[in-house]
Amino acid sequence: MSSRVFVIAQFRPKVGKEAQLFDVLKALEPDALREQGCIQYILTRQIDHPSATRTDYPIMFNEIWADGESWAAHGRRKQIQHFFDTQVAAADGLVDDAIVTAYSDEGYDYDAPVFS
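The rules behind each value
- Residues numbered from 1 in each chain as written.
- Predicted model: local features only at pLDDT ≥ 70, side-chain atom pairs only at ≥ 80, totals over all residues.
- Heavy atoms only, no water.
- Helix = DSSP H or I, 4+ residues; strand = E, 2+ residues; numbered from the N terminus.
- Buried < 20%, exposed > 50% of the residue type's maximum accessible area, 1.4 Å probe, protein only.
- Contact = heavy atoms within 4.5 Å.
- Areas by Shrake-Rupley, 256 points an atom, 1.4 Å probe, with all protein chains shown as cover.
- Lys, Arg positive; Asp, Glu negative; His and termini not counted.
- Charge placed at Lys NZ, Arg CZ, Asp CG, Glu CD.
- Pairing = 2+ DSSP bridges.
- Axes fitted to C-alpha atoms, helices over the stretch in contact; angles between N-to-C directions.

What follows concerns the overall build of the protein chain. Across its full length, the protein chain carries four helices and four strands. When the helices and strands of the protein chain are listed from N to C terminus, the series reads β-α-α-β-β-α-α-β. Principal axes of the C-alpha set define a box for the protein chain whose edges measure 55 × 40 × 20 Å. For the protein chain, with 116 residues in total, the buried portion stands at 27%. In the protein chain, 71% of the contacts between residues at least 6 apart in sequence involve partners at least 24 apart. Approximately 7700 Å² of the protein chain is accessible, and the part contributed by carbon and sulfur atoms is 53%. For the protein chain, the separation between the mean place of its 11 positive charges and that of its 18 negative charges on side chains is 8 Å.

Right, here's the structure in full:
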């Protein structure tokens, strides 16, 4: 059974705040990459491309965590809590809206091998 957790954290900045929000989020990368269980933590920004559709969420973290507990521990870090308190929840923050979604790479009814 796969234990990895794949996370997409999307951010819609307030009007005129996209570049500033990107810089604030980029500052979270180095410490997150040092966390136990962090496999990938990459901040990306939306680009125009003929094969892609634009959304209202132009900034996104692509994260891979070894397991659910590693991801949960990341969310308990003071730096991450401070970001959500000051930039997402606060009225004067840079974020208009955020969507954080977690995924598994395991299919439904996966017939995983059993080890004794």
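Here the narrative resumes, following the displayed structure.
Another aspect to go through is the sheet that holds strand E1 (residues 5-13). On the basis of which strands lie adjacent, the open sheet formed by four strands has the order E2-E3-E1-E4 and antiparallel pairing. In this open sheet, the two edge strands, each paired with only one partner strand, are strand E2 (38-45) and strand E4 (95-103). Pairs of neighbouring strands in the sheet enclose a mean axial angle of 10 degrees, with direction left out of account. As judged from the eight bridges shared by E1 and E4, these two strands associate in the antiparallel manner. Pairing of arginine 12 across the sheet is with aspartate 97, part of E4. Relative to E4, helix H4 (residues 78-89) is tilted by about 140 degrees, and along the sheet it contacts E1, E2 and E4.

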